[in-house]
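Report on the structure
Read off the chains here:
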Amino acid sequence: MTDTKPTVAFLGLGLMGARQARRLIEAGWPLVLWNRSREKAEALAPLGARVAGSAAAAAAEAEIVITMLENGPIVEDVVFAQGVAGAMRPGAVLIDMSSIKPAEAQDHAARLAEKGIAYLDAPVSGGTVGAEEGTLAIMVGGDETVFDRIARVFAPMGRATRVGPHGAGQLAKLANQIIVGVTIGAVAEALMLAARGGADPAKVREALRGGFAESRVLDLHGARMVERDFTTKGRSVTHLKDLDNALDAAERLGLAATPFTAATADLFRGLLANAGDLDHSGLLVELERRNPAN
């Protein structure tokens, strides 16, 4: 790779992808964009990006293709059914930053390798704030030489760490989602208990800060619970998808008991069924529903 930045095709410009693409444009990467809703791509055109008429057309122009899509079936459709894989040049790299099943990532890597295309699974954590600020945690699975060759493309978006072979990035993301989801549930349950007993949940949160219970979840999500601001910053439907993927991975790996993941997934299922797709800090709402006041 020369000092000149290669062209990047960025496919998928939702809440996260649009912010990541903007970071790349501002860092001087030549971008060609595609999104199912074209207006989301055109919104970034004034910054210097080009807009392609199809995902395959975008991929045909690029040496690096980044996908940031909702789930595994959509990645499968865009990359294979819509012709991205067929349009990519041998030697190009596809970086899937979506959150999908590890088994899906491994399958995509094998199929792309048959075409001479390198693949990295590189899901992220940090939400829209991290995407906006370029501070995402990026968990990468794939060949180390490929990672080293194109690692600089991650820099405007956050901190990238290679964690193992194909699929390992997705496993790391599932580990992240288990920790975050279970911790959100624990903070919600603790604040509900405090409030039910007559303590001020805002003061309880403040008292816990700096102790062993301190965490970004207590800080950010705890504040949302205290303020009862469940405006979506992290979608509950997406978190449930990730927890279901974690349960699927656990079953494939022969793990017989993953009780914390299962219980948290059940809470998210109840939240979505009864209150809709609130911010994932809205687990408090579901816990309160299950514990009506006497």
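Conventions we followed
- Residues numbered from 1 in each chain as written.
- Predicted model: local features only at pLDDT ≥ 70, side-chain atom pairs only at ≥ 80, totals over all residues.
- Heavy atoms only, no water.
- UniProt positions renumbered as here; feature names shortened; annotations may be inferred.
- Helix = DSSP H or I, 4+ residues; strand = E, 2+ residues; numbered from the N terminus.
- 1 Å grid on protein atoms, 1.4 Å probe; cavity = no way out; pocket = protein on both sides within 12 Å on 5 of 7 lines; lining within 4 Å.
- Points joined across faces, edges and corners; volume = space filled by probe spheres on them.
- Nonpolar A, V, L, I, M, F, W, Y, C, P; charged D, E, K, R; others polar.
- Buried < 20%, exposed > 50% of the residue type's maximum accessible area, 1.4 Å probe, protein only.
- Right-handed = clockwise from strand over helix to strand, strands pointing away.
- Core = buried A, V, L, I, M, F, W, Y, C linked by side-chain atoms within 4.5 Å.
- Contact = heavy atoms within 4.5 Å.
- Salt bridge = Lys/Arg side-chain N within 4 Å of Asp/Glu carboxyl O.
- Patch = residues over 30% accessible without salt bridge, like charges linked within 9 Å, V, L, I, M, F, W, Y side chains within 5 Å.
- Areas by Shrake-Rupley, 256 points an atom, 1.4 Å probe, with all protein chains shown as cover.
- Polar contact = N/O pair within 3.5 Å; in protein donor to acceptor, adjacent residues only side chain to side chain.
- Phe/Tyr/Trp six-rings, centres within 6.5 Å; stacked < 30°, edge-to-face > 60°.
- Lys NZ or Arg CZ within 6 Å of the ring centre and 35° of its normal.

As annotated by UniProt and renumbered to match this structure, "domain: 6-phosphogluconate dehydrogenase NADP-binding" (unreviewed entry) occupies residues 7-161. For the annotated span residues 7-161, helix accounts for 39% and strand for 22% of the residues, and the straight-line distance between the end C-alpha atoms is 23 Å.

Further remarks concern the layout of surface pockets. In this structure, the second largest pocket occupies an estimated 170 Å³ of space. Along the walls of the second largest pocket sit Gly 181, Val 182, Gly 185, Ala 186, Glu 189, Pro 259, Phe 260, Ala 263, Thr 264 and Leu 267, which together make up its complete lining. Mapped by element, the contributors of at least two residues to the lining of the second largest pocket are helix H9 (168-196) and helix H13 (259-274). Here the lining of the second largest pocket is composed, by residue class, of six nonpolar, three polar and one charged.

Attention now moves to the pairing of strand S6 (residues 118-121). Burial along S6 is two-sided: the face carrying Ala 118 and Leu 120 and the face carrying Tyr 119 and Asp 121 are both buried. Between strand S5 (residues 93-96) and its parallel partner S6, the chain crosses via helix H6 (residues 102-113), and the hand of that crossover is right-handed.

Time to look at unusual backbone geometry. With a phi close to 50°, Arg 228 is a non-glycine residue in the positive phi region. With respect to the helices and strands, Arg 228 occurs in the loop between helix H11 (216-227) and helix H12 (236-252). Judged by its relative accessible area of 46%, Arg 228 falls in the partly exposed class.

Another aspect to go through is the nonpolar core. Note on soluble globular proteins: their nonpolar side chains tend to be buried together. Core analysis: the biggest nonpolar cluster contains 33 residues, and Phe 10, Leu 31, Ile 66, Ile 95, Met 97, Val 153 and Phe 154 have the highest contact counts within it. Taken together, the elements giving at least two residues each to this core come down to strand S1 (8-11), helix H1 (17-26), strand S2 (31-34), strand S4 (64-67), S5, S6, strand S8 (136-141) and helix H8 (144-150). Among residues more than four places away in sequence, those in contact with Leu 31 are Val 8, Phe 10, Ala 21, Leu 24, Ile 25, Ala 49 and Arg 50. Val 65, Val 79, Ala 85 and Ile 117 belong to the second largest nonpolar core, which has 26 residues in total.

What follows concerns the pattern of salt bridges. Considering all chains together, one arrives at 22 salt bridges under this definition. Note that Arg 19 and Glu 132 form a salt bridge whose closest N and O atoms lie 3.0 Å from each other. A residue pair is termed long-range when its members are at least 10 positions apart, and Arg 19 in helix H1 and Glu 132 in helix H7 (residues 127-133) qualify at 113 residues. Accessibility expressed as a relative area gives 26% for Arg 19, which makes it partly exposed. Via salt bridges that share partners, Arg 205, Arg 209, Glu 214 and Asp 219 belong to a single interconnected network.

So, about the environment of Gly 181. Within the secondary structure, Gly 181 is located in helix H9. Given a relative accessible area of 0%, Gly 181 falls into the buried group. Linking Gly 181 and Ser 281, residues 100 residues apart in sequence, is a C-alpha distance of 8.9 Å. Apart from residues lying up to four places away in sequence, Gly 181 is in contact with His 239, Thr 264, Phe 268 and Leu 283.

The next thing to look at is a nonpolar patch on the surface. Judged by side-chain polarity, Leu 171, Leu 253 and Leu 255 come together as a nonpolar surface patch covering roughly 300 Å² of accessible area. Mapped onto the elements, Leu 255 comes out in the loop between H12 and H13.

With respect to the secondary-structure elements, Leu 47 resides in the loop between helix H2 (38-42) and strand S3 (50-51). Assessed through its relative accessible area of 38%, Leu 47 is described here as partly exposed. When the C-alpha positions of Leu 47 and Ile 184 are compared, they lie 37 Å apart, and in sequence the two are 137 residues distant. Every residue in contact with Leu 47, bar those within four places of it in the chain, is listed here: Arg 22 and Ile 25.

Looking now at the side chain of His 280. Following the sequence through the fold, His 280 ends up in the loop between H13 and helix H14 (283-290). Since its relative accessible area comes to 12%, His 280 is described here as buried. Side-chain polar atoms of His 280 contact the side chain of His 239, separated by 3.0 Å. With near-sequence residues (within four places) excluded, His 280 lies in contact with Val 180, Ile 184, His 221, Arg 224, Gly 234, Ser 236, His 239 and Phe 268.

Let us look at the packing of aromatic side chains. Using the criterion set out here, one finds one aromatic pair in the structure. If you follow Lys 5 out to its NZ or CZ, it ends over the ring of Trp 29, 5.9 Å from the centre. A cation over a ring is seen here: Arg 111 above Phe 80, with NZ or CZ 3.8 Å from the ring centre.

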